[in-house]
There are 2 protein chains.
Amino acid sequence: MPPEKRLAPYGDYSLDAAAGRILARHRDRIRTRKPHVAVAKLARIIEATLKLSNRQGFQAMSLRDLAEAAGLSMGGLYSYFDGKETLLVMILGEVSSAAEGLLAAAPDEVRDDPAAHLAWLIEMHVLLSEAMQPFFVFAYMEAKSFPAPARKRAIASEAATEAIFAKVLAEGAARGVFKIDDPDFAAALIKPLIQDWYVKRPKYAKRGVSAEVYARGVSDFVLRALGAR
Amino acid sequence: MPPEKRLAPYGDYSLDAAAGRILARHRDRIRTRKPHVAVAKLARIIEATLKLSNRQGFQAMSLRDLAEAAGLSMGGLYSYFDGKETLLVMILGEVSSAAEGLLAAAPDEVRDDPAAHLAWLIEMHVLLSEAMQPFFVFAYMEAKSFPAPARKRAIASEAATEAIFAKVLAEGAARGVFKIDDPDFAAALIKPLIQDWYVKRPKYAKRGVSAEVYARGVSDFVLRALGAR
DNA sequence: GAAAAAATCGAGCGAGCGCTCGATTTATTA
DNA sequence: TAATAAATCGAGCGCTCGCTCGATTTTTTC
């Protein structure tokens, strides 16, 4: 089953859907009134922002270049955000909201088995980062230049993800499925393994490793490290 | 044994020593003739660059701010480099040269045992990144904005590190010490675990995890995943 | 301690930045 | 189709950037 299909029951991760959610989240800051116009333009702006930023960094992307890439004028851009920083916040919000929404949605048949739950979390996280790859790369690379509030939210969001892993690990340890001393430490090591998928994507692409193969490989690696295989 | 002590046989990772090597590497671009003056000033410049960059990013650091933090004038700075990009290249070169130099220096008693060799590589890599923490954070965070040639070198340097891991893993697999199908894939997963130490340092500091404890934890995790424990 | 050499200074240059706002075009209404 | 509202435009503003270079200070030489 292709990744979009496996992910599909949990939401729509297309660019337009993301633009729609971003519009809803920032309706008050966006001057364009008609939703279908706003969503379409917003999608082009977000798309162009991700493209330019992931090449040279958000700071180095000029709004003139963005305007040209998105097919708008300088002034036109400012109908969709009230400053460059808001554009950053819009994208970040979409990433963390998508991640939090998905990971909390584990199906019941998986929740009962810590090993299966853990594998599900890893797989879904990887598939999500694949479906929203430019968003995830952006959020990861620009994390250091976040404005203070967004930064705090990003750290909190990552801590929340880690807490989900830690809880499953602790549950598994209690049941004797995982042989580990420190669930929190083990949980901390899982995140970077998932992040490596989208951070070093070209490396894996060159080796012909797909998202599913990567997710499976990481699951196996982690489960063996936890003494579950 | 404290980390500097364990690392000591393999080189001097102090700021002044790094400044000395950087000076030697870029003698032709640096106008200041007297080495002891040049090394001292260069050390202050590098130190200030790492401090300011790791807060807001290299691009966002202005040379005026750098001059003030380093205790020089704008013009004074330009006796030590011929452009902002050169400053970037100087620091990157020091990081990759330190990493490559150290990892190739495994002692003989460790080379014979794949598991010990792997543990040594992981530990030394973590301790090095601890001793040169601002350098490593800088190199990692600014990787995307490298000028093209430096970027290629950084990717090559990372691939070289990974190849060292892969070789040890393949050797261990051949001897039956490691139970793995794909040494290259496993090698790819080790790097992000090491990087997490310096990228997410505050998280581990808050939990009271030291460099040695982290290195040991990662070693154990990896060796179990490889079926060696 | 005067002359020469080395090192440092900092105001000023052109360029590009984020952002604004009155003018203009496009879409909707009656 | 005339009037109104919505959306877009882009030249221009103030500012900061990387960088230069003649003036100045510090160090070395004899």
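Residues numbered from 1 in each chain as written. Chains lettered and ligands numbered in written order. Predicted model: local features only at pLDDT ≥ 70, side-chain atom pairs only at ≥ 80, totals over all residues. Heavy atoms only, no water.

## Details of the interface of chain B and chain A
Item 1. Facing 37 residues of chain B, the contacting portion of chain A comprises 37 residues.
Item 2. Between chain B and chain A, roughly 3100 Å² of surface is buried when both sides are summed, and carbon and sulfur atoms account for 59% of that area.
Item 3. Contact with chain A buries area across many residues of chain B, yet Lys144, Phe221 and Arg224 of chain B alone supply 23% of it, more than any other trio.
Item 4. Where chain B packs against chain A, one counts six salt bridges.
Item 5. Those elements that place two or more of their residues in the side of chain B that touches chain A are helix H3 (35-56), helix H9 (133-141), helix H10 (148-174), helix H11 (183-199), helix H12 (201-206) and helix H13 (211-225) of chain B.
Item 6. Looking at the side of chain B that touches chain A, the element that brings in the most residues is H11 of chain B, giving nine residues.
Item 7. Taken together, the residues that form the side of chain B that touches chain A break down as 18 nonpolar, six polar and 13 charged. (Contact = heavy atoms within 4.5 Å. Buried area = accessible area lost by both parts, 1.4 Å probe. Salt bridge = Lys/Arg side-chain N within 4 Å of Asp/Glu carboxyl O. Helix = DSSP H or I, 4+ residues; strand = E, 2+ residues; numbered from the N terminus. Nonpolar A, V, L, I, M, F, W, Y, C, P; charged D, E, K, R; others polar.)

## A few points about the domain arrangement of chain A
Residue and element names in this part refer to chain A.
Item 1. Assigned domains within chain A: domain 1 (3-88) and domain 2 (92-225).
Item 2. One C-alpha centre belongs to domain 1, the other to domain 2; they are set 25 Å apart.
Item 3. Facing the 20 residues of domain 1 at the interface are 24 residues of domain 2.
Item 4. Each partner contributes to the roughly 1900 Å² buried at the junction of domain 1 and domain 2, and carbon and sulfur atoms together form 68% of this total.
Item 5. Among the residues of domain 1 in contact with domain 2, Tyr10, Tyr13 and Leu88 are the three that bury the most area, contributing 33% of the side total.
Item 6. For the pair domain 1 and domain 2, the number of links is three salt bridges.
Item 7. One salt bridge connects glutamate 94 with arginine 21, and the closest N-O pair in it is separated by 2.7 Å.
Item 8. Put simply, the parts of the chain that give the side of domain 1 that touches domain 2 at least two residues each are helix H1 (3-7), helix H2 (15-25), helix H3 (35-56) and helix H6 (84-103).
Item 9. Per-class residue counts for the side of domain 1 that touches domain 2 are eleven nonpolar, five polar and four charged. (Domains from an automatic or database assignment.)

## So, the protein's contact with DNA strand D
Item 1. With respect to spatial proximity, 23 residues lie near DNA strand D, and among them Lys41, Ser73 and Gly75 of chain A together with Met74 and Tyr78 of chain B are the closest.
Item 2. Counting only atoms of DNA strand D within 4 Å of the protein, the fraction found in sugar and phosphate groups is 55%.
Item 3. Measuring from a phosphate oxygen of DNA strand D, one finds a backbone N or O atom of serine 73 of chain A at 2.7 Å.
Item 4. Between tyrosine 80 of chain A and DNA strand D, the recorded distance is 3.1 Å, taken from a side-chain N or O atom to a phosphate oxygen.
Item 5. Put simply, the parts of the chain that give the surface near DNA strand D at least two residues each are helix H5 (74-77) of chain A together with helix H4 (63-70) and helix H5 (74-77) of chain B.
Item 6. It is H5 of chain A that contributes the most residues to the surface near DNA strand D, three residues altogether.
Item 7. Here the surface near DNA strand D is composed, by residue class, of seven nonpolar, eight polar and eight charged. (Near = heavy atom within 4 Å. Polar contact = N/O pair within 3.5 Å; in protein donor to acceptor, adjacent residues only side chain to side chain.)

## With respect to the pattern of salt bridges
Should the charged atoms of two oppositely charged side chains come close, the side chains can pair.
Item 1. Taken as a whole and assessed by the stated rule, the structure comprises 24 salt bridges over all chains.
Item 2. Between arginine 207 of chain B and glutamate 162 of chain A there is a salt bridge; the shortest N-O distance is 2.4 Å. Placement of the pair is arginine 207 of chain B in the loop between H12 and H13 and glutamate 162 of chain A in helix H10 (residues 148-174), with the two residues belonging to separate chains.
Item 3. Through salt bridges with shared partners, one network takes in Glu158 and Lys191 of chain A together with Asp196 and Lys200 of chain B.

## Examining the relation of the copies chain B and chain A
Item 1. Superposing chain B onto chain A requires a rotation of 180° together with a translation of 0.0 Å along the rotation axis, leaving an RMSD of 0.1 Å. Such a combination of turn and shift is consistent with a two-fold rotation axis. Residue alanine 225 of chain B of chain B places its C-alpha closer to the rotation axis than any other residue of that unit, at 1.9 Å.
Item 2. Taken together, the interface assignments show that 100% of the residues at the interface of chain B recur at the interface of chain A, consistent with an identical surface on both copies. (Least-squares fit on C-alpha atoms with pLDDT ≥ 70 in both.)

## Focus on the nonpolar core
Item 1. Judged by nonpolar contacts, the single largest core of 165 residues is most densely connected at Leu118 of chain A together with Leu118 of chain B.
Item 2. Among all residues touching leucine 118 of chain B, those that are not within four sequence positions of it are Phe165, Val168, Leu169, Phe178, Ile190, Val222, Leu223 and Leu226 of chain B. (Core = buried A, V, L, I, M, F, W, Y, C linked by side-chain atoms within 4.5 Å. Buried < 20%, exposed > 50% of the residue type's maximum accessible area, 1.4 Å probe, protein only.)

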